[in-house]
Structures are given as C-alpha cells and as structure tokens.
There are 2 protein chains.
Amino acid sequence: MTLVDQTFAVPPVAEDRAAMIREYLRDAIVDRRLAPGTKLNEAEVGTLFDVSRTVVRAALQALAFEGLVKTERNRGAFVANPSPDEARQVFASRRLIEPGIARAAAECVTPKDIASFRARLHDESRLLGERGPSARRAEIHASGDFHLLLANVAGNAILLRFMEELVARSSLVIALYGRSGASSCGHNDHANIVNALEAGDGDKAAQLLLSHIDHIEADLDLRSTTGLALAEALNTQD
Amino acid sequence: MTLVDQTFAVPPVAEDRAAMIREYLRDAIVDRRLAPGTKLNEAEVGTLFDVSRTVVRAALQALAFEGLVKTERNRGAFVANPSPDEARQVFASRRLIEPGIARAAAECVTPKDIASFRARLHDESRLLGERGPSARRAEIHASGDFHLLLANVAGNAILLRFMEELVARSSLVIALYGRSGASSCGHNDHANIVNALEAGDGDKAAQLLLSHIDHIEADLDLRSTTGLALAEALNTQD
DNA sequence: CCAGCCGAAATTGTATGCAATCCAGGCGGG
DNA sequence: CCCGCCTGGATTGCATACAATTTCGGCTGG
C-alpha cells in the first residue's frame, strides 16, 4: 500500500498527529489511491506514520464517523464500500442541503470569494487538459473542493462539516459506481453557478446546483441489488 | 426502531462499552443533567463505568464529533457551551434540513409510523401534565425524539445521523439560551405535523415544521455578543 | 479429493505505565 | 499590598503489554 508517496518534510504542525493521519488517509481515500474495501491494518498504518496504534485508532475512529471507513468489531477498519442504497442516500442528502447552501452563499458572497471561485475554476480547467492518473486525482479533488468552498462561503460551520462528509462519500460512490471515466463534476456547471452567485441570484444558483447534482448522479450505475444478494455479498468482500 | 434506550439497568450487550458510555453521557447531556461547561474527567468517568481511560477517551472523542463535548488539547473534555452564533447555525441547519425530511417522510409514511407518532404525542401530553425536573427532562427527551422519529421515517440514514446531532445540540442551546421555562417544543405543532403527514401533504408538513422551528428559536435569547466580548468570555468559562 | 477440525500466528480490544503539560497555591521581590 | 515566578499535584497524550478474538495453515478422516 503506497500511502506515503509525498514528503512530510515540514509537518505544518506537530500537534495532534491523529488529525494529521486522519487527513492524510482521507485524502488517500477521496483521491481513490485507497480502493474501497481496503483493509487498514492498525499496526501497518502506525509503522508508516511512525506512531503507536493508539493514535492510529483515533484517526480510524474519526474516519468511521465520517463514513469513510467502516469498522467491524474484532476485525478491523476497511475503506468504506457503500451500497447502491447508501449511494442514493448520499445524493439525496446533497440534493436536500446544497441548494440551501447556495442560497445562503449568494446572500453573503464577497468579491474576494468570487475570486477564490474563479481561481478554483481555473485549476479545474487546467487539470481537465492534463492526462494521467495524477491529474485525474487532482481534478476529482478540485471538483470536491468547489462544493466545499461554496459551503465555506455560506458561513455555517455545521453545514460545512456535513458537506465535507457528503463530498468525501460522493467521491467513494463515484469511484464505485461511476459509469464514465469522465470528470466527476461538469466544469461548466461550476462556472454557471459562480456566475449566478456573482449576480446575487441565489435561486438560480440553487437550481443550477440541483441539476448539477442530478447530472452527477445520472452518471452512476446504481442498479438495484435485489435478487443479486449473493453477487453483492461477494463484491462487498474484498 | 431503536432510537434511544433509556434503561441501562441491564446493559443489553456487553459488547462495545465505549458506545454504551457515549450514549449514556449523551443522554445525560441532552437531558441537561450535565450542565454545559462541565468538565468530563477521564479517570473519573472511567471509575464511574469501571473501564479504563482508553475506553472513556473513545467515547469522549465520539461525543466531540457530535459537537456535544469540546476537547482542548492537554486540558480535557467539557460539555459543549455553544456560543449564540453556533446556536444560530444549529437552527439554520435545521431550517434547511428538516422541511426536506418532512417531505420525504410524507412520501413513505406508513400507518404503523403514524401510530408511532401518535404514541409519542401521547407521551408528550402525559409529561406536559406532570411536574418536577424528572418529568421536564423526559419531556425534553420526548420532544427531541419526535424529530428523530420523523427523520427515521424518511428513511435516510445519513440525514438521520445529521438530525441526531442537530437535535442533541438544540437541547444544549435551549438549556443555555431558552427564555421561558416552557416546553422546548410546542406540543400542538407536533400534532399538526402528524396530521399533515397522515394526509400525505408533504408541503404542508414541511411548512408546519419550518414555523415550528421558528417558534422554538423565537423563544431563545441570542443577543449578539458584539461589544460584550469580555462578558461573553466570562460566561463561557464554567 | 474434499470437508471439517485444530492450533499457531496475526490482529484487535483494553489496561496500564510513563512523559509532557497544565493548573493551583505558596513565596519572594518590588 | 500586589505582581510574577516557581514548584507540586493532577491530568492528559502516547506507547506498550497483555488478553480476547479472528484468521489461516495444515492435518485427519471420510
């Protein structure tokens, strides 16, 4: 498992190593470097980060709360492997929450925020042009960051945390059920949303966001597993 | 539907003691037996439940994720003491999420669900008539359970978890900023919502829920702390 | 050849020990 | 008399040791 391929030459803060490991693992999961179902051995992760299992367990527990890993008693932690039903719930939740966030963001967006959005859009464009798995990962990441930036602008820390969880889980779902290898988020959709925000049209931004989510979900292949319980059971192993 | 199990006389399962402690502490916080700001000493809690600090720490970390306790590095865990701004965010989140939940619930509510609601309403009525702090606590609890039952009926596990967090934090907020000693939730509001659900009128249920939330928040005294930073700082101590 | 059992190795769950940090109270200087 | 420093106790952060459980290999019997 190639967890540490980046350099931690200067750990930004030596404080709270558990949080650092948590974020590192989360990035790896969201970027799909760690496939759903992958076992996260406590001792192994501890060795990689040079900490004791105590710290690793704290990080894994945190990720379990976010729904990114699933822990089974006496069996350990695994990168989450959401079922089609869970996938639908993730997107249903986003459809419920994100339009409201867009309306709130439209109310309090500043020119500086708009500039941040544009910078993000620029990154997305650049990454869309590049090739290779690394660019693809960065693109997925940037795409999610757009939605997080939106929640950040809205100014509600609780909703921001909910969105962090939903965006991360969406990435897992797309990794599992994405039909096309295409971008997880249409770049044009994002640009249109920013335009609506800049115009202060919260309702339009909300509507665009809603159809954007529909667009993402439409690219998934969430066939019912009814009657396929055995196959599903086999798939959800590892 | 196992929303909250109140009897801890006989722990149903000895498995996962951390989860048991977590739920016990959460009940105590939501019922306001543990005041906001109370320090939760690891060793003390451990002695109380006859477990090691390891298990207590896991429970406290879980509660910290729910926003019910706040941990400060090298200082320990404290029952959360939400600021007026956090309080507003809690209710803003509920206003955003709960109407959608009501619509979803109206779509898939069953007669059995309605019966559960009615039973809950009956409990609330009974508790409203009783006196004493114990009845008051039970009433607060039942009031929150109504909203959780609604989320449960809606059938989205993710939103249910979000609502669990929001309802619990609402209880903290009401404990801190509630103006009247009156019921935290108007009982009639709940009854009207159930009627709308039974009629399959999701929009009406959503609208009733929205005004219900407004009603709850209107009873709070969330004066701005701008210019009162010092007093606020003093208050948020313990 | 295969199913089922059994024991060793691996892995997780929990308790405990130790170092680091924080807090309270006393003491000395101003 | 008040302010700042310092030291002792208490508490948390982390590592490690041990117990409980699972997993996986081989072995035996059919």
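Whatever comes next refers back to the structure up there.
Overview of the structure. Keep in mind that what you see is a predicted model, and the values were worked out from it rather than measured. (Residues numbered from 1 in each chain as written. Chains lettered and ligands numbered in written order. Predicted model: local features only at pLDDT ≥ 70, side-chain atom pairs only at ≥ 80, totals over all residues. Heavy atoms only, no water.)

1. A closer look at the overall build of chain A
Broken down by element type, chain A carries ten helices and three strands. If you list the helices and strands of chain A from N to C, you get α-β-α-α-β-β-α-α-α-α-α-α-α. Counting all 238 residues of chain A, 45% fall into the buried class. Here the analysis covers contacts within chain A between residues at least 6 apart in sequence; of these, 76% occur between residues at least 24 apart. (Helix = DSSP H or I, 4+ residues; strand = E, 2+ residues; numbered from the N terminus. Buried < 20%, exposed > 50% of the residue type's maximum accessible area, 1.4 Å probe, protein only. Contact = heavy atoms within 4.5 Å.)

2. Notes on the relation of the copies chain A and chain B
Once chain A has been moved 0.0 Å along the axis and rotated by 180 degrees, it coincides with chain B to within an RMSD of 0.0 Å. The two molecules are tied by a two-fold rotation axis, judged by turn and shift. In terms of C-alpha distance to the rotation axis, chain A has A:Ile97 as its closest residue, with the C-alpha 3.2 Å off the axis. With an isologous cut-off of 70% or more, the 100% of interface residues of chain A that recur at the interface of chain B puts this contact in the isologous class. (Least-squares fit on C-alpha atoms with pLDDT ≥ 70 in both.)

3. Remarks on helix α2 (residues 42-49) of chain A
Residues and elements named next belong to chain A. Every buried residue belonging to α2 is among Glu42, Val45, Gly46 and Phe49, and all of these are buried. Around the axis of α2, the buried residues are gathered within 100 degrees of arc, so they sit on the same side. Contacts from the buried residues of α2 go to α1 (17-30), β1 (39-40) and α3 (53-66). The backbone nitrogen of Ala43 lies 2.8 Å from a side-chain oxygen of the residue at the head of α2, namely Asn41. The first or second residue beyond α2 is Asp50, which carries a positive phi of 60 degrees. (Arc of directions from axis to C-beta. Polar contact = N/O pair within 3.5 Å; in protein donor to acceptor, adjacent residues only side chain to side chain.)

4. Looking at the packing of aromatic side chains
Residue and element names in this part refer to chain A. A full pass over the atoms with the stated rule returns six aromatic pairs over all chains. For the ring pair Tyr24 and Phe49, a centre distance of 5.4 Å and an interplane angle of 75 degrees mean the geometry is edge-to-face. Of the two residues, Tyr24 sits in helix α1 while Phe49 sits in helix α2, which places them 25 residues apart along the sequence. Accessibility classification places Tyr24 together with Phe49 in one group, the buried group. (Phe/Tyr/Trp six-rings, centres within 6.5 Å; stacked < 30°, edge-to-face > 60°.)

5. A short note on the protein's contact with DNA strand C
As a matter of local geometry, DNA strand C sits amid 18 residues, with A:Arg53, A:Arg57, B:Ser52, B:Thr54 and B:Arg75 nearest to it. Near the protein, within 4 Å, the atoms of DNA strand C are sugar or phosphate in 71% of cases. Between a phosphate oxygen of DNA strand C and a side-chain N or O atom of A:Arg57, the distance comes to 2.4 Å. When contributions to the surface near DNA strand C are tallied by element, the ones reaching two or more residues are β1 and α3 of chain A together with α3 (53-66) of chain B. With three residues, α3(B) is the largest single contributor of residues to the surface near DNA strand C. Classifying every residue of the surface near DNA strand C gives three nonpolar, six polar and nine charged. (Near = heavy atom within 4 Å. Nonpolar A, V, L, I, M, F, W, Y, C, P; charged D, E, K, R; others polar.)

6. A short note on the side chain of B:Glu42
All names here are of chain B. Among the secondary structure elements, Glu42 is positioned in helix α2 (residues 42-49). Classification of Glu42 by relative accessible area gives buried; the value is 18%. In this structure, Glu42 is in contact with Arg53, Val56, Arg57 and Leu60, ignoring residues within four places of it in sequence.

Nothing here speaks to function; it is geometry throughout.
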